[in-house]
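Observations on chain architecture
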There are 2 protein chains.
Amino acid sequence: MPRYALLVEYDGAGFVGWQRQETGLSVQQALEEAAARLTPRDPVVAVAAGRTDAGVHADAQVVHLDLARAIDPLRLREAVNFHLGAHRVSVVTAVRAPAEFHARFSAIGRAYRYDILDRRARPALLAGRVWHVKRRLDEAAMQAAAALLVGRHDFTSFRAAACQAASPVKALDRLDVAREGDLVRIVAEARSFLHHQVRNLVGTLKLVGEGRWTPADVAAALAARDRSAAGPTAPAEGLALTAVRYAADPFA
Amino acid sequence: MPRYALLVEYDGAGFVGWQRQETGLSVQQALEEAAARLTPRDPVVAVAAGRTDAGVHADAQVVHLDLARAIDPLRLREAVNFHLGAHRVSVVTAVRAPAEFHARFSAIGRAYRYDILDRRARPALLAGRVWHVKRRLDEAAMQAAAALLVGRHDFTSFRAAACQAASPVKALDRLDVAREGDLVRIVAEARSFLHHQVRNLVGTLKLVGEGRWTPADVAAALAARDRSAAGPTAPAEGLALTAVRYAADPFA
């Protein structure tokens with residue numbers, strides 16, 4: 001069966017997350033049902049690079065799927081977008097992919113962005129896209145703490161209890177904190193992440209930004225290898241998957 | 001009565017525009033009702049710098065209002081935001097203003113941004129915030145045409161029939177077109193604008209971007225002083241009021 005790679009954008013607000021759930025509509029289900037309209041007798045299975053949680057957005061999720069018959073990728077994109085109807089999901093690009101391409105297992109890097117709106121007034125234009133933090137954050141202190149987390153570590157302290165990864169050891173390639181006006185943006189890059197890792201890192205960095213923790217406290221939390229030693233999980237709505245890297249870019 | 005100046009952000013999607021209408025909820029009504037909760041026996045009248053149309057957004061609208069009694073501006077901001085409830089409006093800043101400050105008549109400059117999402121795939125994350133144009137636009141040609149519109153002109157060709165301005169002559173201080181990836185952003189600045197002027201300018205520049213009009217055609221449309229000589233009105237949802245200038249910044 002011919003394989004396709006899709007670059008997909010979505011607003012996580014209306015979904016239970018990427019992955020199919022009994023509890024509601026997932027991005028996976030919406031995409032699979034839209035694609036299956038092209039091959040009505042054959043169900044479609046979509047595999048994503050990052051299994052984003054409920055409420056988490058994607059600027060550029062990568063998905064692969066196999067179709068029962070070959071379809072022009074431009075037509076595939078147009079048809080899937082048409083059948084997605086009012087769902088806030090859009091296939092930005094669709095290409096034929098080699099049979100060995102796997103959106104999840106072929107990926108060699110993932111990038112996430114976490115946005116904090118750091119001001120007293122609630123968000124209007126950015127509602128649902130940011131974590132609203134009223135207290136003024138010290139982004140320089142947050143960056144100093146972030147620098148201590150970069151590298152290969154046992155991230156047990158930042159790992160959700162439900163995490164299914166075989167090992168808590170991950171190499172965090174980048175964790176940067178920068179202010180753009182009232183927006184504090186955190187960028188995280190790694191080959192792969194543990195469940196809730198970015199949100200747990202952000203929830204901990206926020207404690208530093210508020211002056212409640214020092215960067216040394218963050219290093220101690222990492223060393224403790226105990227989830228209860230680190231800060232709380234930041235809300236899903238501030239998080240977006242922004243890029244997935246492959247040895248050979250399927251969209252190039 | 002003490003006067004206050006407010007810096008206000010809103011998503012225009014849920015509103016019939018800034019100004020009160022019989023047909024539905026305006027930003028003005030939502031703000032006035034929220035502010036009046038502070039002085040229940042006295043209605044509040046809010047005056048805005050720019051009377052944005054239905055669907056038009058504001059990053060930084062400026063509003064003034066008078067209250068029956070003096071209230072700490074920080075408390076005013078918090079209380080109005082609280083009473084605005086689920087409406088996508090937020091008072092970002094509130095300050096006491098001199099009695100002679102008038103949000104509309106004291107303004108000496110207004111800036112608008114118009115965003116076009118220029119790609120085949122429909123918007124997911126930017127739905128409701130952009131004009132979706134599928135054909136690839138030539139932003140350099142659009143910029144060349146825009147340069148011919150800058151300056152003091154009779155803008156009758158870009159003026160809505162319902163426009164109440166005394167004169168169609170306006171000085172357009174800036175009209176810039178720039179591409180940021182798939183986003184074509186148009187920035188317009190003037191002391192004041194005619195009704196629908198920015199949207200009519202954008203609708204005309206889009207014809208140039210598509211190669212259907214030349215910059216010279218735009219100059220001819222301007223010279224015609226006839227609305228039917230120019231292009232169509234661009235949709236409201238791509239437009240946002242981004243700044244209002246005063247001789248003395250009330251928020252400084």
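Please read these numbers as outputs of a predicted model, since none were measured by experiment.

1. Examining the domain arrangement of chain A
Residue and element names in this part refer to chain A. Here chain A is described as being made up of domain 1 (3–105) and domain 2 (108–243). The partner domain 2 presents 15 residues to the 15 residues of domain 1 that form the contact. Approximately 1,100 Å² of surface area, both sides summed, lies buried where domain 1 meets domain 2, with 43% of it carried by carbon and sulfur atoms. Of all residues in domain 1, Asp53, His57 and Asp59 give up the largest surface area on contact with domain 2, accounting jointly for 43% of the area buried on that side. The tally of links from domain 1 across to domain 2 stands at three salt bridges. Applying the counting rule to domain 1 against domain 2 returns 13 residue pairs in polar contact (both at pLDDT 80 or more). Broken down by class, the residue content of the side of domain 1 that touches domain 2 amounts to five nonpolar, five polar and five charged.

2. So, the relation of the copies chain B and chain A
Of the two same-sequence chains, chain B is brought onto chain A (RMSD 0.0 Å, axial shift 0.0 Å) by a rotation of 180 degrees. Read as a symmetry element, the transformation amounts to a two-fold axis. For chain B, the smallest separation between a C-alpha atom and the rotation axis is recorded for Leu126(B), amounting to 5.5 Å. Taken as a fraction of all interface residues of chain B, those also at the interface in chain A reach 100%, which identifies the copy contact as same-surface.

3. With respect to the packing of helix H3 (residues 139–149) of chain B against helix H4 (residues 197–209) of chain B
Any two packed helices are characterised by how steeply their axes cross, that is the angle between the axes, and by the distance between the axes. All names here are of chain B. Closest axis-to-axis distance for the H3/H4 pair is 8 Å, and the angle between their directions is 140 degrees. The pairing of H3 with H4 is recorded here as oblique in orientation. Relative to H4, H3 is oriented so that their crossing is right-handed. Residue-level inspection shows Ala141, Met142, Ala145, Ala146 and Leu149 of H3 in contact with H4, the latter providing Leu201, Leu205, Lys206, Val208 and Gly209.

4. Focus: the side chain of Arg179(B)
Residues and elements named next belong to chain B. If you trace the backbone, Arg179 turns up in strand S8 (residues 169–180). In this structure the side chain of Arg179 is engaged in a polar contact, spanning 2.9 Å, whose partner is the backbone oxygen of Leu137. Side chain to side chain, Arg179 and Glu139 meet in a polar contact 2.9 Å long. Setting aside residues no more than four positions away along its own chain, Arg179 makes contact with Asp118, Arg136, Leu137, Glu139 and Val184.

5. Some details on helix H1 (residues 27–36) of chain A
All names here are of chain A. Most of H1 is tucked away, with eight of its ten residues classed as buried. Taken residue by residue, H1 has Val27, Gln28, Gln29, Ala30, Leu31, Glu32, Ala34 and Ala35 as its buried positions. Where H1 is buried, its residues contact strand S1 (3–10), strand S2 (46–48), strand S3 (57–66), helix H2 (73–83) and strand S4 (89–97).

Reading the values: rules and limits
Residues numbered from 1 in each chain as written. Chains lettered and ligands numbered in written order. Predicted model: local features only at pLDDT ≥ 70, side-chain atom pairs only at ≥ 80, totals over all residues. Heavy atoms only, no water. Domains from an automatic or database assignment. Contact = heavy atoms within 4.5 Å. Buried area = accessible area lost by both parts, 1.4 Å probe. Salt bridge = Lys/Arg side-chain N within 4 Å of Asp/Glu carboxyl O. Polar contact = N/O pair within 3.5 Å; in protein donor to acceptor, adjacent residues only side chain to side chain. Nonpolar A, V, L, I, M, F, W, Y, C, P; charged D, E, K, R; others polar. Least-squares fit on C-alpha atoms with pLDDT ≥ 70 in both. Axes fitted to C-alpha atoms, helices over the stretch in contact; angles between N-to-C directions. Helix = DSSP H or I, 4+ residues; strand = E, 2+ residues; numbered from the N terminus. Parallel < 35°, antiparallel > 145°, perpendicular 65-115°, else oblique. Left-handed = near helix turned anticlockwise from the far one by under 90°. Buried < 20%, exposed > 50% of the residue type's maximum accessible area, 1.4 Å probe, protein only.

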